[in-house]
Amino acid sequence: VYICGIGGSDYISKEDLKAGAFREECNAKETRVQAASDAFTTMSSMYKKNGELEKVQACMRPCPPDAMPYMGSIPDIEGAYINAGHNCWGIAWAPGAGKAMAELVLEGSCKCMDLSPFDPARFTPASKRGGRGRKRNGESVGEQW
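To keep things clear, this report deals only with the structure shown in the data block.

Parameters and conventions
- Residues numbered from 1 in each chain as written.
- Predicted model: local features only at pLDDT ≥ 70, side-chain atom pairs only at ≥ 80, totals over all residues.
- Heavy atoms only, no water.
- Helix = DSSP H or I, 4+ residues; strand = E, 2+ residues; numbered from the N terminus.
- Polar contact = N/O pair within 3.5 Å; in protein donor to acceptor, adjacent residues only side chain to side chain.
- Patch = residues over 30% accessible without salt bridge, like charges linked within 9 Å, V, L, I, M, F, W, Y side chains within 5 Å.
- Areas by Shrake-Rupley, 256 points an atom, 1.4 Å probe, with all protein chains shown as cover.
- Salt bridge = Lys/Arg side-chain N within 4 Å of Asp/Glu carboxyl O.
- Buried < 20%, exposed > 50% of the residue type's maximum accessible area, 1.4 Å probe, protein only.
- Expected span 1.5 Å × (residues − 1).
- Arc of directions from axis to C-beta.
- Contact = heavy atoms within 4.5 Å.

Some remarks on the side chain of Ser37
By secondary structure assignment, the location of Ser37 is in helix H2 (residues 30-43). One polar contact links Ser37 to Tyr47, side chain to side chain, over a distance of 3.0 Å.

Here you go:
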């Protein structure tokens, strides 16, 4: 059984991430592990009686500012797609997200769900989308050859 702790995660600043925070090691907080285990014992009498944790781990959970994943084609890069940022729901949502992305890649559109809320460009101002050449923060930095 996969159990994912919810809430209470520390916020890691952009500066800390750029400086390399958690690149080498990301340990689970014992209090969070215990809380998840205790909660699961109330849901499963079998776990309460015989269960034990086989593995404990922690990871950086990618989460966009609106807490919704990026799913779709990457603007201005033909044939490039992204399906990321599902936070702690990545494992649970994998079958549906995989189906949606497979339809998009193989058929050119997704029929099983509306991907528009997950648009990878949703945080890019419209005035800075598109156009020819490479961009950095919306400013042209030349052609990519």
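There is more to say after this.
Observations concerning a nonpolar patch on the surface
A cluster of nonpolar side chains, contributed by Leu17, Phe22 and Met60, occupies part of the molecular surface with about 250 Å² of accessible area. With respect to the element layout, Phe22 can be found in the loop between helix H1 (14-18) and H2. Residue classification places Phe22 among the partly exposed residues on the basis of a relative accessible area of 38%.

Side note on H2
For H2, built from 14 residues, the straight-helix expectation of 20 Å at 1.5 Å per residue is met to within 8% by its first-to-last C-alpha distance of 20 Å. Three or more residues of H2 are buried, namely Val33, Ser37 and Phe40. For H2, the arc enclosing every buried residue in end-on projection is 65 degrees, short of the 170-degree limit, so these residues lie on one face. What points out from H2, more than 90 degrees from its buried face, is the exposed set Thr31 and Thr42. Taken together, the buried residues of H2 touch helix H3 (45-50).

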